[in-house]
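Spelled out, the chains give:
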Amino acid sequence: FPSHDKGLRKVFPRRLGLWRRDDVIALDDVSFSLVRGQTLGVVGESGSGKTTAGLCIVRLLEASAGQILFDGKDLRTMTDEALMPLKRRLQIVFQNPYASLNPRFTVGQILCEPMFLHGIGSSSAAREAKLKDLLDKVGLPSGSVNRYPHEFSGGQRQRIAIARCLALSPDLTVIVTGK
């Protein structure tokens, strides 16, 4: 699954009044490439565009220009419908599990919903077996299934978010550690 970003650019328009604009350039000509099994860490000062790049890669933000190539397909130019089969293979883990976990869902629902939506597991029993395996992998007890996110510490919530990502066995995982 070679993945390449070529000349990625993201501009946030900013109005300074009725007639004046002062655009904020968050990314300008960002390029990198990854192959299966490779890890890339992007380091920079606060506000340098690290989170913006990650959000653009998984299409939670639309890049202003450039290419995001995944398996030879430009994710930037794909329709939402065409992108849907690839969403399982592209996952993101946010730093703030307080905001990224639905407080109305139990841990079991949080982890099983993506599996159900993407057709993972031939039955609810198969998904439940995978669910128990995921909890074991991230070091949470199997009794966590019926608990809600607010019943866990911040570190445990982060493990739930990681388990949710792992539930889909993605080819590319973006981990956002900014705001």
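Our subject in this report is the structure included herewith. It should be emphasised that the depicted structure is a prediction, and the values quoted were computed from it without experimental measurement.

**As for the packing of helix α4 (residues 107-117) against helix α6 (residues 154-166)**
- Packing of α4 against α6 leaves a shortest axis separation of 8 Å and a crossing angle of 25 degrees. Classed by the angle they form, the pair α4 and α6 counts as roughly parallel. Classified by chirality, the crossing of α6 by α4 is right-handed. Residues Val107, Ile110, Leu111 and Pro114 of α4 lie in contact with α6, whose contacting residues are Ile160, Ala163 and Arg164.
- Looking at the contact of α4 with α6, its residues break down into six nonpolar, no polar and one charged.

**Side note on the nonpolar core**
- Membership of the largest hydrophobic core comes to 21 residues, with the highest contact counts inside it found for Val107, Leu111, Met115, Leu131, Leu135 and Ile160.
- Per-element tally for this core: the top contributor is α4, with five residues.
- Setting aside residues up to four positions removed in sequence, Leu111 forms contacts with Leu131, Leu135, Ile160, Ala163, Arg164 and Ala167.
- If you look at the next biggest cluster of nonpolar residues, it comprises 20 residues, including Ala53, Cys56, Val58 and Phe70.

**Some words on unusual backbone geometry**
- Located in the positive-phi region is Arg59, a residue other than glycine, with phi close to 65 degrees.
- With phi around 45 degrees, Ser169 is a residue other than glycine that occupies positive phi space.
- One can find Ser169 in the loop between α6 and β6 (172-176).
- For Ser169, a relative accessible area of 43% gives the class partly exposed.

About the cut-offs
Residues numbered from 1 in each chain as written. Predicted model: local features only at pLDDT ≥ 70, side-chain atom pairs only at ≥ 80, totals over all residues. Heavy atoms only, no water. Axes fitted to C-alpha atoms, helices over the stretch in contact; angles between N-to-C directions. Helix = DSSP H or I, 4+ residues; strand = E, 2+ residues; numbered from the N terminus. Parallel < 35°, antiparallel > 145°, perpendicular 65-115°, else oblique. Left-handed = near helix turned anticlockwise from the far one by under 90°. Contact = heavy atoms within 4.5 Å. Nonpolar A, V, L, I, M, F, W, Y, C, P; charged D, E, K, R; others polar. Core = buried A, V, L, I, M, F, W, Y, C linked by side-chain atoms within 4.5 Å. Buried < 20%, exposed > 50% of the residue type's maximum accessible area, 1.4 Å probe, protein only.

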